[in-house]
Amino acid sequence: MTLQTVVSTAASVAATAMLLRSIARDYLPRELNYYLNSKLSKILAAFSSQVTLVIDEFEALTFNHLFNAAELYIRPHIAPNTNRVRATMATKENMISVTMERNEEIVDIFNGVDFKWRLVSKEIPSKYIQAPGSENHHSTLKSELRYFELRFHRKHKDMVFGEYLPYVMEKAKEVKEERKTLKLFTAKNDRIRMRGRRGGEMWQCVNLDHPATFDTLAMDFDVKQRILEDLDLFEGRKGFYRSVGKAWKRGYLLSGPPGSGKSSLIAAMANYLNFDVYDLELTDIRSNSELRKLLIATGNRSIIVVEDIDCSLQLQDRLAKTPKPKVSISRSTRPYHPFGNEKPQVTLSGFLNFIDGLWSSCGDERIIVFTTNHKDKLDPALLRPGRMDVHINMSYCTPCGFKMLASNYLGITEHPLFVEVEKLLETTNVTPAEVGEQLLKNEESEIALRSLMELLIEKGRNHESKVI
């Protein structure tokens, strides 16, 4: 038998198989159609040089992260001639997501090689499975089976696993960051769920739409530059942290009076890094174990905020005088507590373990920000490097900060009254929040600046009277 005869026979078999598949799809029941398709696929595979890689959405009951990466990567812009696409907008998101339609095929070209992707969807009996990205065994109801088919020539198999799929994973990560809507998380108050019952999420979130950026912060330029340089250095040193055996995290301590811009700085850091923010209220946590559960449930690339740490229970300087024990309350007169008769029990040692102990390594690329109005009240154990690496003093409004506020609120960078305002700022303590409030009262620059001067003069008089 000649080579031409073999090729001709193979082509005839393939054509016949394709015809039978078309007829089966149109006239046969679904179950029989599926059975015939599987048999025909095996016959065609024997004569084909193509390899099909199947990427299921779930492996057993666990979400397949490679499927998620493919879903993010295979977008219609890769193949502009695609006729059908799918547009969605998830809950609490503000961006439209465009993805490929089910059972459509998209061709992606990588290093000159064609890779054909198809998203296959089949109906299945409804069942509960672990939701994608859930850290707390949260279940969701699924009624369809989805998987990607990736087809390519068998000679490119090594390229697929060595280069192409790692490339897909990396690009998917970039797409996820581009489409990410920043979230502000706060711990749920449902103590029963937080103690380990299945189906309970430990954090609830809202979109973080705070407009603060480093360009709009009322801070001295040198301080802002130092923070930006530190953030950039931290973000690019994953390999370094691993090589020296340290968790990839950074601690910031923001100290200063109320209204000095601590919250705005945190929002600016989140917007700059594209990090979610977790607001950790220590006074609501009942034990060290509960603190660990909350920490484990936080995501990577996030900022964990502990505000007013000087007011948190049992975290003040251990050298301070121990308060006298309170008179115990008998069982019959003890007030009812919905979670039992427990008191907040987050200890200093438990909190330090959260900052730089073994539990601090439960995640990557995290920044922990502590705020305080009274730095002198903190236990010295909290202040050492490795726990609070960067100390930022959020001072009262400076002339540099005032100029930034005037630019933000009034749209001006120069004015004859600037000189007088700056002189008053040098002798009067006023926070950026107070300055901004005065500038917000009137859009007319002259009126707003004179209103600010009156506030500064009045504060100066009050300070002098207190001194006398």
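Up top is the structure.
Parameters at a glance
- Residues numbered from 1 in each chain as written.
- Predicted model: local features only at pLDDT ≥ 70, side-chain atom pairs only at ≥ 80, totals over all residues.
- Heavy atoms only, no water.
- Buried < 20%, exposed > 50% of the residue type's maximum accessible area, 1.4 Å probe, protein only.
- Helix = DSSP H or I, 4+ residues; strand = E, 2+ residues; numbered from the N terminus.
- Arc of directions from axis to C-beta.
- Axes fitted to C-alpha atoms, helices over the stretch in contact; angles between N-to-C directions.
- Parallel < 35°, antiparallel > 145°, perpendicular 65-115°, else oblique.
- Left-handed = near helix turned anticlockwise from the far one by under 90°.
- Contact = heavy atoms within 4.5 Å.
- Polar contact = N/O pair within 3.5 Å; in protein donor to acceptor, adjacent residues only side chain to side chain.
- Pairing = 2+ DSSP bridges.

**Description of helix 14 (residues 432–440)**
Residues of helix 14 that are buried include every one of Pro432, Val435, Gly436, Gln438 and Leu439, and no others. Viewed end-on, helix 14 has its buried residues packed into an arc of 160°, placing them on one side of the element.

**Let's talk about the packing of helix 3 (residues 65–73) against helix 4 (residues 157–179)**
Pairs of packed helices are described in terms of their axes, by the angle between the two and the distance that separates them. Remark: helix 3 packs on helix 4, axes separated minimally by 8 Å, with the N-to-C direction vectors making an angle of 70°. Overall, the two elements helix 3 and helix 4 adopt an arrangement that is roughly perpendicular. When you trace helix 3 past helix 4, the crossing you get is left-handed. Only Tyr164, Leu165, Tyr167, Val168, Met169, Lys171, Ala172, Val175, Lys176 and Arg179 of helix 4 make contact with helix 3, whose side of the interface consists of Leu66, Ala69, Ala70, Leu72 and Tyr73.

**Overview of the environment of Glu177**
The topology assignment puts Glu177 in helix 4. C-alpha of Glu177 to C-alpha of Asn274: the two residues are 97 residues apart in sequence and 7.5 Å apart in space. Once residues within four sequence positions are removed from consideration, Glu177 is found in contact with Asn274 and Arg301.

**Examining the side chain of Thr428**
Examined against the element boundaries, Thr428 turns out to sit in the loop between helix 13 (418–427) and helix 14. From its side chain, Thr428 meets the backbone oxygen of Leu424 in a polar contact 3.0 Å long. Residue contacts for Thr428: discarding those within four places in its chain leaves Leu456, Lys459 and Gly460.

**Here we look at the sheet that holds strand 11 (residues 249–255)**
Judged by pairing direction, the sheet is mixed, and its seven strands sit side by side in the order 10-9-12-13-14-11-15 without closing on themselves. With one partner strand each, in any of the chains shown, strand 10 (203–207) and strand 15 (390–393) form the two edges of the open sheet. Going from strand to strand, the sheet's axes swing by 25° on average, the running direction of each strand aside. Bridge analysis of strand 9 (residues 183–187) against strand 10 gives five bridges, and the strand direction is antiparallel. Note on strand 10: the bridge partner recorded for Lys183 is Asn207. Docked against the sheet, helix 10 (residues 348–356) engages strand 11, strand 13 (302–306) and strand 14 (366–372), running at close to 140° with respect to strand 14.

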